[in-house]
Amino acid sequence: MRLMTVVLLPLLALAAAAEEAPKKSEAQSARELAEAIRLAPAWLWAEGKARDDVRKALESRDVLDRPLTKAQAQALLNTLSAGNPFLTDKTNSGVLEVPTGKDGETTKAWFQLPPGYKPGKDKPPGLAIALHGGPAPDFKTAFVTAPQEHSYWTGPAAKQKLILCSPGWIGDPTRIVMETIEAAAKRWSVDRSRLFLVGHSAGGVGSFMVGPPNADLFAGIAPFVCGMEHGDRLKNAWNFAVYHVLGKKDNEFFLSTGRKNSERLKEAGGPLQIVEKEGGHDVYADECDKSLAWLAVRPRTFWSKDVRWSRDGARTEGGFFWIDPSSKSATAAFTAKVEGNEIRISGARPAEIVLSDALVDLDKPVTVLVEGEPAFQGDVKRTLRVALEWVETRRDFSGAPLAKIALKP
């Protein structure tokens, strides 16, 4: 209640100021933007009337579309990176209900928070999702199986100060993984620059199925002793960390296909650690520790200046990194490279791109070339609205953009 009171006190002053003449001094505009940045968490995460009042006040002051300086933009990103300050749930461990996408059916994910973590106060932790082996024939069996995998990773996740979630899953785990992330993000602030997938056997296969096609969402994976070739999908590990563990005495299929995947990963050129153990199809507790420690220091590079996307049927729509392809080319392979303030895109025509000072210098004109032809050239302004609407829509406060460019079809 005290926090809500602190948030709402300035609103009357903001509303009263709305009656002033539109011409403002630079100092006054700076004060209004500073106040708007301070209220950004309430704009996003307050509830009911409190949130409505904040939004009405900020809209009345016309600050959401006002250009931000680089310093103001950084202050906004710093504020957002602290996550939701209104969280109060302190439950350290238990289970989450996770929708499966089938007629209201749910599964469950076991969870553990980092030791001593205080939601709403501490720096948002990353999230590791552990996929169990199996495969399980149904969700009931999967939920009984999941605690074993969960137990392998509780210690390593605690050491790296990560939230750990271990869902029961069957079939293609993509939907369950994404719903687990959303369920965790509703309950706690999750640093989405540090999302990791780990798992043994079928769980390792699942991490390969979900991770590389969504290389802009995850920082990396740790697949252990798993078979099945993943082919061109692994080209998307260019901006993606993989800690791959194989057993030299594993059955021939798992070992041979695992080694083929390792070669594909080497070709992709992303951060890679390949470990071949002397044992077979085993759980290697020492590698659980080592792999999560290795992954934890390799966060997602959302603002990559070298994006390479290989078409993948598992990813059929939506943006990839900071590029949102048009509907006609959403599944096409493409590349995007940034040199200075010039952006060159080949293979697909984006409908929109979002920008940050981590990608280009937004104090200077930006040039966008698509297939070598100019698609945009000019100044782009940083605004509160772009960042806030991104976080509201994607719930990703770890990679919020500051500006965007819509490109003509």
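Residues numbered from 1 in each chain as written. Predicted model: local features only at pLDDT ≥ 70, side-chain atom pairs only at ≥ 80, totals over all residues. Heavy atoms only, no water.

A closer look at the environment of I37
For I37, the position within the fold is in helix α3 (residues 26–38). When the C-alpha positions of I37 and L76 are compared, they lie 5.5 Å apart, and in sequence the two are 39 residues distant. The residues touching I37, leaving out its near neighbours within four places in the chain, are Q72, A75, L76, T79 and L384. (Helix = DSSP H or I, 4+ residues; strand = E, 2+ residues; numbered from the N terminus. Contact = heavy atoms within 4.5 Å.)

Points about the packing of aromatic side chains
One pass over the full model with this rule turns up eleven aromatic pairs. Relative to W294, the ring of Y243 has its centre 5.6 Å away and its plane inclined at 65 degrees; by these criteria the two rings are edge-to-face. In this pair, Y243 sits in strand β7 (residues 241–247) while W294 sits in helix α11 (residues 285–296), placing the two residues 51 residues apart along the sequence. The class for W294 is buried, based on a relative accessible area of 14%. Each ring, one from F302 and one from F321, has its centre 6.3 Å from the other, and the planes form 35 degrees; the classification is tilted. Highlighted residues: F302 in the loop between α11 and β9 (306–309) and F321 in the loop between β9 and β10 (323–325), separated in sequence by 19 residues. Accessibility expressed as a relative area gives 6% for F302, which makes it buried. In this structure an aromatic cluster arises from ring pairing among F302, W303, W309, F320, F321 and W390. Looking at R55, its charged tip hangs above the ring of W43, at a distance of 3.6 Å from the centre. A cation over an aromatic ring shows up here: R308 above the ring of W238, its NZ or CZ 3.6 Å from the ring centre. (Phe/Tyr/Trp six-rings, centres within 6.5 Å; stacked < 30°, edge-to-face > 60°. Buried < 20%, exposed > 50% of the residue type's maximum accessible area, 1.4 Å probe, protein only. Lys NZ or Arg CZ within 6 Å of the ring centre and 35° of its normal.)

Points about the nonpolar core
Membership of the largest hydrophobic core comes to 93 residues, with the highest contact counts inside it found for L80, W322, I343 and L384. With 21 residues, the next largest nonpolar core counts A157, F224, V245 and L295 among its residues. (Core = buried A, V, L, I, M, F, W, Y, C linked by side-chain atoms within 4.5 Å.)

Some details on the packing of α3 against helix α6 (residues 70–81)
α6 packs onto α3 with a crossing angle of 15 degrees between their chain directions and a minimal axis gap of 10 Å. What the angle tells us is that α3 and α6 run roughly parallel. Considering the relative orientation of α3 and α6, their crossing is right-handed. Together, A30, L33 and I37 of α3 and Q72, A75, L76 and T79 of α6 make up the contact between the two elements. The residue inventory of the contact of α3 with α6, partitioned by class, reads five nonpolar, two polar and no charged. (Axes fitted to C-alpha atoms, helices over the stretch in contact; angles between N-to-C directions. Parallel < 35°, antiparallel > 145°, perpendicular 65-115°, else oblique. Left-handed = near helix turned anticlockwise from the far one by under 90°. Nonpolar A, V, L, I, M, F, W, Y, C, P; charged D, E, K, R; others polar.)

Focus on the environment of H200
Within the element layout of this structure, H200 appears in strand β5 (residues 195–200). When the C-alpha positions of H200 and P213 are compared, they lie 19 Å apart, and in sequence the two are 13 residues distant. Excluding its chain neighbours within four sequence positions, the residues that come into contact with H200 are L131, H132, G133, E149, Y152, W153, F224, D282, V283, Y284 and C288.

Keep in mind these values describe shape, not function.
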